[in-house]
Amino acid sequence: MEVLSLLADGFATSLSPFNLFIVIIGVTAGLFIGAMPGLGSVNGVAIVLPLTFIVPPSSAIILLAAIYYGAMYGGAVSSILLGIPGASTAVATTFDGRPMAQKGQAGLALIAAAVASFVGGTISVILFTLFAAPLADIALSFGPAEEFALVLLAFTTFVGLGGDDSLKTIIMICLGLALSTVGLDLISGQPRLIFGDMPGFYSGISFLVLAIGTYGLGEILYTIETSKTAPKVTNARITFAELGAGLKRMNSLWKTMSLGSLLGFFVGMLPAAGATPAALMSYGIAKQTSKTSDTFGKGNIEGVAAPETANNAASTGSLLPMLTLGIPGSPTTALLLGGMVMWGLVPGPMLFIEQPDFVWGLISSLYTANFAAVAVNIALIPVFVWALRMPFTVLCALVLVLCIVGGFAPSQKMHDVWLIFAFGVGGYLLRKADYPLAPLVLALVLGPLMEKSFRQTLIAEQGNILAFVERPLSATFIGLAILFFVMPFLVAFVTGAKERLHVPSKRPKIN
Amino acid sequence: MLLDKVIAGALVLLSAYMMSHAILLPIGWNGETGGPGGGAFPFWCSLIILICAVFVIFRPARSYEADQFTFDREMMGPLIQVIIAIAITIALIPTAGAYVAIPLFLFWYLKIYGKHSWTLALSITVLTPIVVFFFFEATLKILLPKGVTEPFFFPLYAMFF
């Protein structure tokens, strides 16, 4: 078992007092960010990224991963106590979490959410550990053609599985790709898209600027518009007796939780799917297979456990393609990828060979993050109840200041702060008009890789465009990509045909 | 539905603008080195945006199944106020300095916009710049623009650098 010895080495890194401290700070920050309505893991990572310059790069990534993790736990807190999902990933938790809180079982619901998150997280981290090295080995044989095909596949999953308007998804992908080309052309070195020779654009548009703009400023603008009245916080107290009873109750839900973990892990790996649909699917399956399915939606503990295991498992699942292939499985992991590239830790199979200490340190830190998150989560429940009473305007003001200062810090150019402002307002308007933001951020992060691998392949093959389908792996990816791409059009065609036959059909919108 | 078309129209203009800049570099097939030229990627991506956005504008309303969005009219006023306040704050940073612009913004947001108590508004207005200074300037050595207030920071620089 080579994996075990690598993992043991990893624990030597992640269990060092400093990294342990980092993990605890990270999950605590993540829990609060996740618990705040309107802020989820992606917003947290975007806002906190500029602040992580304070620690060494490898610890910074561990910190960001811990925030990601903590936010997944935290999302459930406001779903249960406020009835508003703390992050979109915790939407399904409101279905049964809120009714439980209204019945006076808020404490039990919070324990269930924490324990379920822990189970989902742990099972998926074990799967992650098993899959990481083999997947990285396969990825080692990838040439530029495979890289291009894989990125293309990642984008087409948004069109096929994203559930958003396909035209708008394509627009956002292409906008992200076009924005990623701003700056110097990586092959000829000529400046392009610098918009009338503006010096600020020579260095390109940083993913961080787009992320802080859309997920920081834009998100706050969106929340200002949509939250007119302050929601009511349900009180929750936890006693040891309740904790014991909760654990006992959870012990009978192994089937639901393991199903949710597996589902979450594999759905989370897909770039377009991720934690929110995974949680909704897990809820749906739990409801169908449960013996007490009639009480779902009225405060069934199983309805809390199922989505919470799945969304945590999905967050781990989305780390897998990011770390092994360099293709992020979610917007948050896209930001992690951008951060790693910024610090010179380029994700992908080579990272497993060149920086095994870092890779396995990060993987093992996911185990410690899980333990830390469940402990901090249950211990701090009274603090969450208090924090959720904080007036929303205070949070908004502080986040907006952080967006401005944090946006300035990495490049120290006012140009970037203005870009953040533009992306914030633009992102808010696009989001209002149902344009998905995740493909935009992913495209900006993956754009340079996509263009580079495309042009490298063509240069190596003397301009032979068929090179992409002559290699078996690359051809498979391209084939899958085409399948995903035409899927929504096929669906539209079939439903259109049905409508003409007066058969009503409705596709549920997953967002 | 009109707003949807307006936003798609803005995307058409944006993509046309990006295309006009992309054509400064070769956008076609570069026969000698193989593969497309430097302007190809931005050009063709922008063209796809343009085509899709035109489709969004002209497709029949019935085929559009996503939620029809509206702006909350009551919140539009406050929202525009916040956007203007952020723009003023960013504009003030290079001239009046971050340590004037940010407290001003916080005070406006908390006291005038948020109508919080004096204690809360003033304590956050005063404490935030101090935390920002110690985090970014004293620890990370990232200097924020000070504008005309620069001379007031010389004694502090002497203390921390």
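Chains are numbered independently. Their residues run from 1 in the order of the written sequence. The order in which chains are written sets their letters, starting at A; the order in which ligands are written sets their numbers, starting at 1. In keeping with the predicted nature of the model, local features appear solely for residues at pLDDT of at least 70, side-chain atom pairs appear and are counted solely at 80 or more, and the whole-chain, interface and lining totals rest on all residues. Hydrogens are left out, water is left out, and the side-chain values use all remaining heavy atoms of the structure.

Novice: I'd like to hear about the packing of helix H4 (residues 98-113) of chain B against helix H5 (residues 118-139) of chain B, residue by residue, with values.
Specialist: The description of two packed helices rests on the angle between their axes and on the distance between the axes. Residue and element names in this part refer to chain B. Packing of H4 against H5 brings their axes to within 9 Å, and their N-to-C directions diverge by 150°. Here H4 is positioned roughly antiparallel relative to H5, judged by the angle of their axes. Classified by chirality, the crossing of H5 by H4 is right-handed. Packed against H4, whose contacting residues are Tyr99, Pro103, Leu106, Phe107, Leu110 and Lys111, the element H5 presents Trp118, Ala121, Leu122, Ile124, Thr125, Thr128, Pro129, Val132, Phe133 and Glu137 at the interface. Class assignment for the residues of the contact of H4 with H5 results in twelve nonpolar, two polar and two charged. Here an axis means a line fitted to C-alpha atoms, over the contact stretch when the element is a helix, while the angle between two N-to-C directions is reported on a 0 to 180 degree scale. Labels follow the DSSP assignment, with helices taken as runs of H or I lasting at least four residues and strands as runs of E lasting at least two, numbered in each case from the N terminus. Any angle that falls under 35 degrees is termed roughly parallel, while one over 145 is termed roughly antiparallel, one within 65 to 115 roughly perpendicular, and all others oblique. Take the far helix as the reference: if the near one is turned anticlockwise from it by less than a right angle, the crossing is left-handed, and if turned clockwise, right-handed. Contacts are residue-level and defined by heavy atoms, with any inter-residue pair within 4.5 Å sufficient. Residues are grouped as follows: nonpolar covers Ala, Val, Leu, Ile, Met, Phe, Trp, Tyr, Cys and Pro; charged covers Asp, Glu, Lys and Arg; every other residue, Gly included, is treated as polar.

Novice: Explain the interface of chain A and chain B residue by residue, including any values.
Specialist: Interface size, as often reported, equals the accessible area lost upon joining of the parts. Facing 64 residues of chain A, the contacting portion of chain B comprises 70 residues. Throughout, buried area stands for the accessible area (probe radius 1.4 Å) lost by two parts on being put together, summed over both. Carbon and sulfur atoms make up 80% of the surface buried where chain A meets chain B, a total of about 5800 Å² over both sides. We define a salt bridge as a contact between a side-chain nitrogen of Lys or Arg and a carboxyl oxygen of Asp or Glu at a distance within 4 Å. For aspartate 4 of chain B, the salt bridge identified is with lysine 168 of chain A, shortest N-O distance 2.8 Å. We call two N or O atoms a polar contact when they sit within 3.5 Å, provided that within protein one can donate a hydrogen and the other can accept it, with sequence-adjacent residues counted only if both atoms are side-chain atoms. Taken together, the connections running from chain A to chain B amount to three residue pairs in polar contact (both at pLDDT 80 or more). Taken together, the elements giving at least two residues each to the side of chain A that touches chain B come down to helix H8 (166-180), strand S2 (191-192), helix H9 (207-226), helix H18 (392-408), helix H19 (414-432) and helix H20 (438-460) of chain A. The element that contributes the greatest number of residues to the side of chain A that touches chain B is H18 of chain A, accounting for eleven residues. Residue composition of the side of chain A that touches chain B, by class: 42 nonpolar, nine polar and 13 charged.

Novice: Can you break down the pattern of salt bridges residue by residue, with the values?
Specialist: All names here are of chain A. One pass over the structure, following the stated rule, counts eight salt bridges over all chains. Ionic pairing is found between glutamate 219 and arginine 431, a salt bridge with its closest N-O pair at 3.0 Å. Taken together, the residues glutamate 219 in helix H9 and arginine 431 in helix H19 connect sequence positions 212 residues apart. Through salt bridges that share partners, Arg192, Glu451 and Arg455 make up one connected network.

Novice: Report on the confidence of the model for chain B, specifying residues and quantitative values.
Specialist: Per residue, pLDDT measures the predictor's confidence, with a range of 0 to 100. Mean pLDDT for chain B: 85, with 90% of residues reaching 70 or above. Looking over chain B, one finds the lowest element-wise mean pLDDT in helix H6 (residues 154-160) of chain B, namely 84, and the highest in H4 of chain B, namely 93.

Novice: I'd love a proper account of helix H12 (residues 275-289) of chain A, names of residues and values included.
Specialist: Every α-helix carries 3.6 residues per turn, so stepping three or four residues along brings you back to the same face. Residues and elements named next belong to chain A. What a helix is expected to span follows from its residue count: subtract one and scale by 1.5 Å. The first and last C-alpha atoms of H12 sit 21 Å apart over 15 residues, in line with the 21 Å expected at 1.5 Å per residue. Each residue is placed in one exposure class: buried if its accessible area under a 1.4 Å probe, protein chains only, is under 20% of its type's maximum, exposed if it is over 50%, and partly exposed if it falls in between. All buried positions along H12 are accounted for by Ala275, Thr276, Pro277, Ala278, Ala279, Ser282, Tyr283 and Ala286. Looking at the packing, one finds that the buried side of H12 touches helix H4 (57-81), helix H5 (91-102), helix H11 (254-269) and helix H13 (301-325).

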